[in-house]
Structure formats: structure tokens, C-alpha cells
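# Working through the structure, step by step
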Amino acid sequence: MTTEHYDVIIIGTGAGGGTLAHKLAASGQRILLLERGGYLPREPQNWDSREVFINDRYLSGEVWYDKDGDAFKPHQQYFVGGNTKFYGAILFRLRERDFGEVRHYGGLSPAWPISYQDLEPYYAEAEKLYLVHGQAGEDPTEGPRSGPFPYPAVSHEPRIQQLSDDFEKTGHRPFHLPVGVDLNESDPEAGRCVRCDRFDGFPCLTDGKADAHVRCVRPALKHHNVTLVTHAKAERLVTDSRGRSVTEVVVDRRGARETYSGDIVVVSCGAVNSAALLLKSANDRHPNGLANASDVVGRHYMAHINSGVIAISQTPNLTKFQKTLGINDYYWGAADSELPLGHIQMLGKSDRNILRGGAPWFAPGLALDYIAKHAIDFWITTEDLPHPANRVTVDRAGRIHLAKTYHNLEPHKRLLAKLKELMGPLGCHDAAIPAWSVLDQRIPLAGVAHQSGTVRFGDDPKTSALDVHCRAHDLDNLYVVDTSFFPSSSAVNPALTAMANALRVGDHLLERLGAHAKSASKPASDGKLQEVDS
């Protein structure tokens, strides 16, 4: 089946693809969004921690293979809105220095071909679009801003405010996390967020989380010129006979083969799947895969070195919305470290089911209940470094293989030690409780959140796959706008940078198409969404 021709085809509806669709929607250009999943069901199980974290209700169920050929199930979801349906919506800008070359214990983090200043106006635009709440001037590592956060910081609940005060007493500079949420604390009726403990890692039943589906795809579909096709997995990109441009996108739609054509094709499937799609699209003109004359596609896979840390408060922690506090005092180093260590932030509040996923099988339920009642949950992040042997490959059967070795573990160990040393001063147990009940667990290979780097952009076609506009060096009409384009990973959540970059690339595409958002087609007067579902 061959469908009509489109001006732009966007493959993927997450932080990159969904945001780009929103940017282009008002241009009047014919936009097609392809999403391999469907709409995430709105159901009571959205907020059931056993279903989400133990029964894996919303995971894809697919199997990937590690560097030794062993199978594993990635923590990967496919729905309209991509992984933003489940993310914690902490929307950081990269630090200004992150755009330059940075020396780490494990090696060098390379410079970007653009600067913080190039992206700053798009960061501001993305923060407004995704309802980011924060307080400028608190974070000691934040870059210069053209204006304040669009919405005020989300307040700390009493136990977290006490934690913030205790951090200050120990000489730290805690700050309010930049969180994307539809919340108005001065007028609770004005926002969708109910400030619950089902935020981080859960889909949001109230649409209170600022995800790509709610904030971008849904409003984009109100324009007659935007079409969404769900359950459409892109299997291959086809080029013209000279291999100069992509002419067709071949899709598997519930077992049926469909083909779509477009003047511009934008890939935004996530760092692993975008690389896999380009590799699977190899042909005579591009024997190593599309956009891969440099042999970098699939290489330099990065996923932050992340650990969850459960500290046991000496008093009960009655916090509901816990994800409001961050610490960046160790981002660029410490008194005993000239090199960067990383970032600390709060996790969503744990319960016995969330803890059960990390505790030994013999941990009694009553003990888990006690820990959950007293738990203060932290997330620590250290920069992962790009390495060519850390890569995505695809075998002859089309199966994804993900080889990964971490090369920057030393600062993560030091950062974890820093946090543990603070447990006593922060009012948390640091002794006299079972060793297994103070949980610190590094996220394994299957935890593919914060993935990046497999289709890096740069000025040199010999060392990068994409140019500064995220267009393939080798093909005139192929772009990539998810976190694949990252040359380095920094040590903060990557989503806002993917969103800001999609807005930046959107401006480039509008200019290329000779389109202007202000001369756009109007939304459908009947309010219907232009979509094709099955």
C-alpha cells in the first residue's frame, strides 16, 4: 500500500519528534507522524506500582542482546509521546561548559559544534512549551538565561524542605529542580496536576505531566495538515537510485507492509532504534547503512551512569511529590577532586512494590513497608563518555545488539560516597540497620533511559553522521532529532536539550521549506484530531 505524498515525515513522537511536529504544525505543510505504538491506555493501572514496576505492564516486551550475545529485555516503552509518558519531567539545560571539551577520570568529553548561546533561545522556548517550573539563580552551575523560568518553582513538602535546610547547613547549595508539570499552587483548580506520588516512572492519569503527547502531539493534530499514523513501525528507509535522498519509508503496520513518501524525512526513534533503522536501511549506495559513510552510526552509545539511592530517614517521610530538590555542588568536582563527579536529585517517592524490585527476595514485607515509610529517594547521575566500541548493531535477522562498557565509573563511586557520608547530617540512618535495606543500585544495561549519542552531529563528515542542522552529511533530505545527535552526554537529564534542538531544527526546516508558522493553516474548527489508528 502506498499512501499520499507528504512534505515532512517524522518517525517517532517523543521529546524530539513530538516537539518538531508541534513546531511545524502551524506552517501549512503536510506533516505525517509515524508512531510504532498506540495511545497509552488511561486506566487505574497507570498508577499501580506493582503493575508498572514489577509486572512491566507497559514495557515493549522485545528482546535485545548484549555484547556477549545474552538476551535482555530493555526498559523501553512505545506509545504516542514516547518515553516522555514515563519520564520524571526534570527538564535541565546542559551546563554552559558541557558544550566544550571536558576532562574526566575516564577520558575526554568532546565539544559540540554549537554553543550554549546558540541553543539558549530554544531552551527558553522549550521551557515555556513544556511548562517548566524553577527558580533562576539557585543552581550554582546554571548558564546565563535570557529570562526567568516561565513558571515558579514547585515548593518543597515539609520533609524535603528540612532536607534542603540540612543540605545548606552542611555547606551545600540546594535548588528547586526544573520540573515540567501542569501545576498552579496558588490556584489548584487551574492545573491538571494533583501533586501525587505517582509521577516519576508512571504515566499520568490526569495529564498533569508535561509530556510530548499532551504538550505537542495533541495540539499539533488539531491542524488539518498534520496526520498521525499509530502502530506503524518504520522498518526501512529507501533512497533514490543515486543514494542522494530518502524517497520512501517502509512501515510494518500490524503485520501489513505500508509505504509513505515525503520530501523530508526526520528520524526520531530514540538513540538505539534510530541507529538500528539507519543500519537496516543499507543499500548498494550506502552499504554500511544510511548516513554512515563515517562509520559512526550506532557507535558512541551513551546512557548516563545512574544509581538510585534509598536513604532511611530517622523520622517518617510523608512526602507525596518528592521530586523537587537538586544538588549540583559536585557537578564540576569537589575539594578532593579536580574532575567532575556529577549530579544529585530526588526520585519520586518509593513504596513497597518499587522497593521490592531492588530488594532481595527474602526481604519481609513488613520491613519494606517500614523502609518505604521512612525512605528518602535520591537519583545520582555521572556523565557517560562516548566510546566507539559502545555501539548498536543489527544482525541479519534484524535483531538489535547493544554493546556497552562504562569508562567513567570512578567519579560515580566518589559521588555515591559523598552522598552516603551526608546521611547522618541529613537526618538519615547511616548505621545499625540491615545492609540490604539501604539500597543503592546502579541502573543496568536494560535501563535505557537517558540514551544518546549513536548518530552524532558535527562539522567534519569524517567523524560525524549529521551536520550542525542535524541533517545527514550523506543525504540531502534526512534528519535526526532525538538524543542520537549528542556528541557528549553531560550529567543532567537530556530531554530538554532534545526538545530545544528539535525547535532549532524546526526553524531550519521552516526556512528550507519556505514556510512560516505565522502563515499557518488554522486548527480544525470542529476540534477533531487528524489521525489514523488501528
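The paragraphs below set out a description of the structure included in this document. (Residues numbered from 1 in each chain as written. Predicted model: local features only at pLDDT ≥ 70, side-chain atom pairs only at ≥ 80, totals over all residues. Heavy atoms only, no water.)

### Here we look at the environment of Lys320
Following the sequence through the fold, Lys320 ends up in the loop between β15 (305-312) and β16 (325-327). The class of Lys320 is partly exposed, set by a relative accessible area of 44%. Not counting chain neighbours up to four residues away, the residues in contact with Lys320 comprise Glu157, Arg195, Cys196, Asp197 and Lys349. (Helix = DSSP H or I, 4+ residues; strand = E, 2+ residues; numbered from the N terminus. Buried < 20%, exposed > 50% of the residue type's maximum accessible area, 1.4 Å probe, protein only. Contact = heavy atoms within 4.5 Å.)

### Regarding helix α9 (residues 409-421)
In an α-helix, one turn spans 3.6 residues; hence positions three or four apart end up facing the same way. Taking 1.5 Å of rise per residue, 13 residues should cover 18 Å, and α9 covers 19 Å from first to last C-alpha, within 8% of that figure. Those residues of α9 lying buried are Pro411, His412, Leu415, Leu416, Lys418 and Leu419. Buried residues of α9, seen end-on, are gathered within an arc of 155 degrees and therefore sit on one face of the element. In α9, the exposed residues that point more than 90 degrees away from the buried face are Lys413 and Glu421. (Expected span 1.5 Å × (residues − 1). Arc of directions from axis to C-beta.)

### Re unusual backbone geometry
Residues apart from glycine generally show negative phi values, whereas peptide bonds are mostly found in trans. You will see that Arg195, though not glycine, has its phi angle at about 50 degrees, which is positive. By relative accessible area, Arg195 is classed as buried at 18%. Look at His450: it is not a glycine, yet its phi comes out positive at around 70 degrees. Note that His450 resides in the loop between β21 (440-442) and β22 (451-452).

### A word on the pattern of salt bridges
Per the counting criterion, the structure on display carries 30 salt bridges. Linking Lys23 and Asp507 is a salt bridge whose minimum nitrogen-to-oxygen distance equals 3.2 Å. Of this pair, Lys23 sits in helix α1 (residues 17-25) while Asp507 is found in helix α10 (residues 495-513), placing the two residues 484 residues apart along the sequence. The buried category is assigned to Lys23, whose relative accessible area is 14%. Among the ionic pairs, Glu127 bridges to Arg145, the shortest N-O distance being 2.8 Å. Here Arg145 lies in the loop between β7 (132-133) and α4 (158-169) and Glu127 lies in helix α3 (residues 116-129), a separation of 18 residues in the sequence. What emerges from the salt-bridge pattern is a single network uniting Arg93, Glu120, Glu127 and Arg145. (Salt bridge = Lys/Arg side-chain N within 4 Å of Asp/Glu carboxyl O.)

### So, the environment of Lys233
Following the sequence through the fold, Lys233 ends up in strand β11 (residues 232-239). On the basis of relative accessibility, which here comes to 29%, the residue Lys233 falls in the partly exposed class. Sequence spacing of Lys233 and Gly12 is 221 residues, and the spatial spacing of their C-alpha atoms is 9.2 Å. Ignoring anything within four residues of it in the chain, the contact list for Lys233 reads Arg36, Val250, Val251 and Asp252.

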